[in-house]
Amino acid sequence: MKRVAIIGGGPGGLYFAYLWKTRHPADTVRVFEQNPEGATFGFGVVFSARAMDFLRADDPQTADLIAARMETWSDITLVHQGESIALDGVGFSAISRLDLIILLTERARAAGVELSFGAALHSVAELGEYDLIVAADGVNSLVRRSFEGDFQTSLSYLDEKFAWFGTTKRFETLTQTFVETEFGTFNAHHYRYSPTMSTFIVECDRASWQKAGFDHLGPDEMKARCERIFAETLDGHPLVANKSSWRNFPWIWNGRWSYRNMVLIGDALHTAHYSIGSGTRLALEDVLALVKALEAHPDDLRDAFQRYQAERQPVVEKLVRAARESAAWYADFPKHMRLSPIDFAYSYITRAGRIDDERLRSMSPRFMQRYDAQRPRPAA
Ligand SMILES: Cc1cc2nc3c(=O)[nH]c(=O)nc-3n(C[C@H](O)[C@H](O)[C@H](O)COP(=O)(O)OP(=O)(O)OC[C@H]3O[C@@H](n4cnc5c(N)ncnc54)[C@H](O)[C@@H]3O)c2cc1C
């Protein structure tokens, strides 16, 4: 391959750089990242219990390093009408996004990757001559936007609003709290990602967002209002902001995953709604698939790219379908909130349409016992 440029020093870009340089030490591998070293947006990211298995199978060393810095738990908690319902057996782990990036940066540097931080690319032409360009530059990918017709890009936005905060409040499990206020209905996804910090994502429909004045409040007032809405959940702890503005979730898809010597991975290529917590895993899995495809066709980028897309696309499509089902449930959460807490929890856990009662009984026996006990018996 010889000269490889990676745009974007997020989890996908750094992991590709590390893996490629380790396996091809004679190649020049360079990462261009617009942020300074050690700066990132967001707080923690979650992986489902099974999501780490894929990494462990291919790269146990990196998997162990990540696992050592993770918080893990085995239940999800739903809070609705002030009642907490445990969904047992739904395991997750979380790591600070910054820790993950620092860990991957250290590994890439030790492998001999050239890392350029504070290096924002404004045009693909600035890059000069590279044999391979890996576009790992996230949802607003410059590479993708520069050739969106060639990549057959489609982009649409969800109507709901979300903002990504942290908090010093420690939550024992991944928790979803739903509240009704004078402004309307709000949801928070919250989970700890270190012994002292948690992620706190606030989400609401557009009408509640406008009624709460979020369309015109400044950053401090916005944070204060979110703290007020979730005062009981936060229990006196503050929210912590880091570029925590209101956003609409973007659905990104590309019909063609490569063009010339450029190939898309991670969020530049596809997005999966944060309610299924799989974006980082997908980016890391893309890397493993791309490395395998490039190594299977060392002298022909076109064949390698074809293999990458052919093998990876069905897997990603399956996950994106589940993410869309999940996002559709969240879009209707104000309606679901009319259900009793136990029925609401059942509706939540079955939202992606992939779990039937039988599977739920073996996965979450304590929850299903409770659910079955209150379910009306069919007339004899
Ligand atoms: C609210 C929210 C919550 C989420 N929660 C989770 C979760 O719990 N679990 C999970 O797995 N995922 C989660 N995700 C998704 C996750 O953040 C992404 O899927 C993941 O970061 C994708 O990795 P990436 O490397 O493809 O892109 P990114 O992490 O976005 O990295 C892209 C990098 O490219 C850099 N860059 C962009 N343009 C340029 C340029 N022109 N020049 C140089 N550098 C550039 C950026 O600065 C950035 O560092 C969440 C996302 C959101 C929005």
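Structure's up top.
All of the points below concern the structure found in this document. Worth saying up front: this structure is predicted, and the values here are computed from it rather than measured.

Rules used in this analysis
- Residues numbered from 1 in each chain as written.
- Predicted model: local features only at pLDDT ≥ 70, side-chain atom pairs only at ≥ 80, totals over all residues.
- Heavy atoms only, no water.
- Near = heavy atom within 4 Å.
- Polar contact = N/O pair within 3.5 Å; in protein donor to acceptor, adjacent residues only side chain to side chain.
- Areas by Shrake-Rupley, 256 points an atom, 1.4 Å probe, with all protein chains shown as cover.
- Helix = DSSP H or I, 4+ residues; strand = E, 2+ residues; numbered from the N terminus.
- Axes fitted to C-alpha atoms, helices over the stretch in contact; angles between N-to-C directions.
- Parallel < 35°, antiparallel > 145°, perpendicular 65-115°, else oblique.
- Left-handed = near helix turned anticlockwise from the far one by under 90°.
- Contact = heavy atoms within 4.5 Å.
- 1 Å grid on protein atoms, 1.4 Å probe; cavity = no way out; pocket = protein on both sides within 12 Å on 5 of 7 lines; lining within 4 Å.
- Points joined across faces, edges and corners; volume = space filled by probe spheres on them.
- Nonpolar A, V, L, I, M, F, W, Y, C, P; charged D, E, K, R; others polar.

1. Describing the site of the ligand
Phase 1 of the analysis: Every one of the 32 residues lining the ligand counts as a neighbour, but E33, V46, R97, D267 and T280 are closest to it.
Phase 2 of the analysis: Contact distances for the ligand include 2.8 Å between an oxygen atom and a side-chain N or O atom of R97.
Phase 3 of the analysis: When the ligand sits alone it has 1000 Å² of accessible area, and the protein chains cover 93% of it.
Phase 4 of the analysis: Looking at the shell around the ligand, the elements with two or more residues in it are helix 1 (11-23), strand 3 (44-48), strand 9 (161-167) and helix 10 (279-296).

2. Let's talk about the packing of helix 10 against helix 11 (residues 301-331)
Phase 1 of the analysis: Two numbers describe how helix 10 lies on helix 11: the axes approach to 8 Å, and their chain directions differ by 150°. One element, helix 10, and the other, helix 11, form an angle in the roughly antiparallel class. The handedness of the crossing between helix 10 and helix 11 comes out as right-handed. Seen from helix 10, the contacting residues are R281, L282, E285, D286, A289, L290, A293, L294 and A296; seen from helix 11, they are L301, A304, F305, R307, Y308, R312, V316 and L319.

3. A few points about empty space enclosed by the protein
Phase 1 of the analysis: Counted by the stated rule, this structure contains 1 cavity of 30 Å³ or more.
Phase 2 of the analysis: Of the pockets and cavities examined, the largest cavity occupies roughly 30 Å³.
Phase 3 of the analysis: If you trace the largest cavity, you find it lined by L158, E160, F162, E203, F249, H273 and Y274.
Phase 4 of the analysis: In terms of residue class, the lining of the largest cavity is made up of 4 nonpolar, 1 polar and 2 charged.

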